[in-house]
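Listed here are the chains, written in short residue letters.
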Amino acid sequence: DTEVTQTPKHLVMGMTNKKSLKCEQHMGHRAMYWYKQKAKKPPELMFVYSYEKLSINESVPSRFSPECPNSSLLNLHLHALQPEDSALYLCASSQGSVSGYEQYFGPGTRLTVT
Amino acid sequence: KNEVEQSPQNLTAQEGEFITINCSYSVGISALHWLQQHPGGGIVSLFMLSSGKKKHGRLIATINIQEKHSSLHITASHPRDSAVYICAVKAGTASKLTFGTGTRLQVTL
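Rules and cut-offs
- Residues numbered from 1 in each chain as written.
- Chains lettered and ligands numbered in written order.
- Predicted model: local features only at pLDDT ≥ 70, side-chain atom pairs only at ≥ 80, totals over all residues.
- Heavy atoms only, no water.
- Pairing = 2+ DSSP bridges.
- Helix = DSSP H or I, 4+ residues; strand = E, 2+ residues; numbered from the N terminus.
- Buried < 20%, exposed > 50% of the residue type's maximum accessible area, 1.4 Å probe, protein only.
- Contact = heavy atoms within 4.5 Å.
- Phe/Tyr/Trp six-rings, centres within 6.5 Å; stacked < 30°, edge-to-face > 60°.
- Buried area = accessible area lost by both parts, 1.4 Å probe.
- Salt bridge = Lys/Arg side-chain N within 4 Å of Asp/Glu carboxyl O.
- Polar contact = N/O pair within 3.5 Å; in protein donor to acceptor, adjacent residues only side chain to side chain.
- Nonpolar A, V, L, I, M, F, W, Y, C, P; charged D, E, K, R; others polar.

Asks: Please explain the pairing of strand 3 (residues 18-25) of chain A as it appears in this structure.
Replies: The side chains of a regular strand alternate between the sheet's two faces. All names here are of chain A. Of the strand pairs in this sheet, strand 1 (residues 4-7) and strand 3 are connected by four bridges, and their pairing is antiparallel. The residue bridging Val-4 from the neighbouring strand is Gln-25, located in strand 3. Relative to strand 8 (residues 73-79), strand 3 runs antiparallel, the two sharing seven bridges. Each residue of the ladder has a partner; that of Ser-20, found in strand 8, is His-77.

Asks: How should I be thinking about the side chain of A:Lys36 in this particular structure?
Replies: Residues and elements named next belong to chain A. When you line up the elements, Lys-36 lands in strand 4 (residues 31-37). Exposure remark for Lys-36: the relative accessible area of 16% places this residue in the buried category. Each residue touching Lys-36, except ones within four places of it in the same chain, is listed here: Pro-42, Pro-43, Glu-44, Met-46, Glu-84, Asp-85, Ala-87, Leu-88 and Tyr-89.

Asks: Would you take a moment to explain the packing of aromatic side chains for this structure?
Replies: Centre distance and the angle of the planes are the two values used to describe a pair of aromatic rings. The full count for this structure, using the stated rule, is four aromatic pairs over all chains. Here A:Tyr35 and A:Phe105 contribute two aromatic rings whose centre-to-centre distance is 5.5 Å and whose plane-to-plane angle is 40 degrees, an arrangement assigned as tilted. In this pair, A:Tyr35 sits in strand 4 while A:Phe105 sits in strand 10 (residues 104-105), placing the two residues 70 residues apart along the sequence. Overall, A:Phe105 belongs to the buried group, its relative accessible area being 9%. Note on A:Phe64 and A:Tyr89: the rings are 5.9 Å apart at their centroids and 35 degrees apart in plane angle, and the pair reads as tilted. Remark: A:Tyr89 occurs in strand 9 (residues 87-94) and A:Phe64 occurs in strand 7 (residues 64-70); sequence separation between them is 25 residues. A:Tyr89 matches A:Phe64 in its accessibility class, with the two residues each being buried. An aromatic cluster of three or more residues is present, and its members are A:Tyr33, A:Tyr35, A:Phe105 and B:Phe99.

Asks: Would you take a moment to explain the interface of chain A and chain B for this structure?
Replies: Note: interface size is frequently given as the accessible area lost on complex formation between the parts. Each partner contributes to the interface: chain A provides 22 residues, whereas chain B provides 23 residues. When chain A packs against chain B, the two sides together hide about 1700 Å² of surface, and 56% of this comes from carbon and sulfur. One salt bridge connects A:Glu58 with B:Lys96, and the closest N-O pair in it is separated by 3.0 Å. Summed over the shared surface of chain A and chain B, the number is four residue pairs in polar contact (both at pLDDT 80 or more). Broken down by secondary-structure element, the contributors of at least two residues to the side of chain A that touches chain B are strand 4 and strand 9 of chain A. Per element, the largest residue contribution to the side of chain A that touches chain B is three residues, and it comes from strand 4 of chain A. Split into classes, the residues belonging to the side of chain A that touches chain B amount to 12 nonpolar, six polar and four charged.

Asks: Sorry if this is basic, but what is going on with the side chain of A:Gln25 here?
Replies: All names here are of chain A. With respect to the helices and strands, the residue Gln-25 is situated in strand 3. In terms of polar contacts, Gln-25 uses its side chain to reach the backbone carbonyl oxygen of His-29, at 2.9 Å. Ignoring sequence-local partners within four residues, the contact set of Gln-25 consists of Glu-3, Val-4, Met-32, Ser-71, Ser-72 and Ser-93.

Quick look at the structure:
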């Protein structure tokens, strides 16, 4: 199984809502990533988890809150988002977080904030 | 100047043509990735390279470490190859990928 799954595929939320994005992999990977991608732009790294511990936070606003409950699962909790947060949110995983490991990407969650 | 530059930005080809997409980078790297993204879709990893050449089906990726340059070739292109192709590098022992801005490829019948 070389798949990274993400749910939901699409999400529309108001600025006062609280929602969560979910990412799952069963490849035994110990590094997991959240990226944000705006239209016609490359992905931007948000967070990296390594062995279930947050290792990189790219100065992401606190309205985005990541969580890694176990080595297969990565969540992104959303609260009080702004319309400019509308984007494709991609999850990825790799065997390790240092160099030399290929990242496997999920299909993404397309988020619209109204 | 971006650390990772791709050319061309946009490319239109007819079915069957041989396609080359180029990637140049300015930092020392430990690995270079070629990724494919269809419109509105997620990202698929095509290749990870640290030296030489790799082939998978109609796709060939090469890298020249001394010249800090990589190419992605598509032989016998097909409309289903229409996508954005992204070059991304891992610098040294860094955990993060640095992405190029992508090459938008359209293959027509």
